[in-house]
Amino acid sequence: MTSAHVPDHAEIPPPKLEEVSPGIFGYIQMDGSWGLNNTGFIVGADGVVVIDTCFTERRSRWFYEAVRKTAAERAIRTLVNTHHHGDHTHGNYVFLPAATIIGHEKCREEVIAAGLGTKGMFPGVDWGEIVVAPPVVTFEDRLNLYIDSLRVELIFVGPAHTTNDIVAWVPERRVLFSGDIVFNQGTPFALMGSVAGWLEALERLKGLGIETIVPGHGPVCGPEVLDEVGDYLRFVQHAAKKGFDAGRTPLDTALETDLGRFADLLDKERLVGNLHRAFSELRGEPKGAPLSLGAIVAEMVQYNGGQMPRCLA
Ligand SMILES: [Zn+2]
């Protein structure tokens with residue numbers, strides 16, 4: 001790693017590699033706000049499985065270098081996408097042609113449909129030359145991967161954060177790569193998924209016997225963070241019900257809602273998107289039903305007093 005690996009933004013530290021269990025690594029990009037996601041990889045005797053990539057070309061290349069440095073000459077055989085969002089998939093192409101990209105069937109559809117559309121939401125980010133590369137092996141419910149004799153269970157838990165969330169669970173080590181089912185120290189974001197479905201996903205995960213979570217954003221944590229995410233989502237449901245019954249809009253409801261202890265979480269403007277999703281569910285619409293993202297993001301900017309979401313990627 002050279003000085004090129006130092007982020008432009010002095011306020012955030014460089015990405016950090018954490019070995020959470022022998023051969024199992026989390027790659028942690030603090031502060032975990034918009035576009036600063038976590039990835040990871042598992043190194044066996046014979047090959048490497050990578051979980052997610054990064055938002056920009058250079059962050060994805062730093063990550064690739066970190067994998068290379070740790071795994072030496074071992075082949076990077078597979079790359080798992082936990083969901084379609086650009087901060088987890090933009091760097092997929094950096095791992096081609098060697099790696100086979102795996103994801104949920106809807107993740108493939110959404111990566112293709114989104115293209116590079118996310119760039120519009122974050123002007124000022126140095127993207128590099130991103131080439132869209134969707135999963136080429138897809139599944140609907142679950143798929144097992146093996147690294148030597150270590151089993152990695154890919155389990156569909158959506159719709160939750162999006163329509164296509166999967167987690168990577170390593171039962172023998174009690175390690176979970178949760179994707180964005182867990183935001184640690186950041187505001188969960190359910191606009192593109194389902195608030196109710198996310199709460200169900202958390203219950204399912206609690207039954208696994210997890211010891212360590214590499215979350216989609218924020219520091220490595222234990223299973224207690226599942227309850228914190230759940231508390232926030234129930235808070236959103238409660239605020240939504242109050243606003244919905246009073247005939248308020250999601251934006252007005254957000255502006256009138258006191259975030260209380262959740263005010264410390266990063267990217268508070270996500271409340272507006274979360275309320276839109278909760279209102280949709282109160283209208284009886286199906287989980288993950290499409291909503292007008294552009295208009296809702298504009299309202300998130302309005303909630304922020306005209307500021308675009310802050311992205312340090
Ligand atoms: Zn996401």
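Here is what the cut-offs are and how they apply
- Going along each chain's sequence as written, the residues are numbered from 1 onward.
- Per-residue local features are limited, in this predicted model, to residues with pLDDT of at least 70; the limit for side-chain atom pairs, both in listing and counting, is 80 or more; totals at the level of whole chains, interfaces and linings are taken over all residues.
- Processing note: side-chain calculations cover all non-hydrogen atoms of the structure and skip hydrogens and water entirely.
- Any residue with an atom within 4 Å of a point lines the site, the site being either a cavity, points on a 1 Å grid over the protein atoms alone where a 1.4 Å probe fits but cannot get out, or a pocket, an open set with protein on both sides within 12 Å along at least 5 of 7 lines.
- Grid points are joined across faces, edges and corners, and a volume is the space filled by probe spheres set on the points.
- Each helix is a run of DSSP H or I of at least 4 residues and each strand a run of E of at least 2, with the numbering of both proceeding from the N terminus.
- Three classes are used: nonpolar for Ala, Val, Leu, Ile, Met, Phe, Trp, Tyr, Cys and Pro, charged for Asp, Glu, Lys and Arg, and polar for all others, with Gly counted as polar.
- For this analysis, a nonpolar core means a set of buried residues of the types Ala, Val, Leu, Ile, Met, Phe, Trp, Tyr and Cys, connected via side-chain atoms within 4.5 Å.
- Exposure classes here rest on a 1.4 Å probe applied to the protein chains alone. A residue is buried below 20% of its type maximum, exposed above 50%, and partly exposed in between.
- Any two residues having at least one pair of non-hydrogen atoms within 4.5 Å are treated as being in contact.
- Strand pairing is defined by DSSP finding a minimum of two bridges between the two strands.

Asker: Can you tell me about empty space enclosed by the protein, naming the residues and giving the values?
Answerer: Taken as a whole, this structure holds one cavity of 30 Å³ or more when the rule is applied. In this structure, the largest cavity occupies an estimated 50 Å³ of space. Around the largest cavity, the lining comprises 13 residues; the ones closest to its centre are N38, D52, G179, V214 and P215. Of all elements in the fold, only β3 (39-43), β11 (175-183) and β12 (212-217) reach the threshold of two or more residues within the lining of the largest cavity. Across the lining of the largest cavity, the residue classes break down as four nonpolar, eight polar and one charged.

Asker: Mind laying out the nonpolar core, listing which residues take part and the relevant values?
Answerer: Within the largest apolar cluster, 77 residues are counted, with the highest numbers of intra-cluster contacts made by V50, F95 and W198. Among the elements that make up this core, the one with the highest residue count is helix α5 (residues 224-245) (nine residues). Those residues in contact with W198 that lie beyond four places of it in its chain are P159, A160, H161, D180, I181, F183, P188, F189, A190, V229 and L233. With 21 residues, the next largest nonpolar core counts I42, V152, A168 and V214 among its residues.

Asker: I'd like a description of the pairing of β3, backed by residues and values.
Answerer: Burial runs high along β3: five of the five residues are buried. Here β3 shows two buried faces, one formed by T39, F41 and V43 and the other by G40 and I42. The pairing of strand β2 (residues 24-28) with β3 spans four bridges and is classified as antiparallel. Residue pairing in the sheet places G26 in a bridge with G40 of β3. Hairpin connection from β3 to strand β4 (residues 47-51): three residues lie between these consecutive antiparallel strands.

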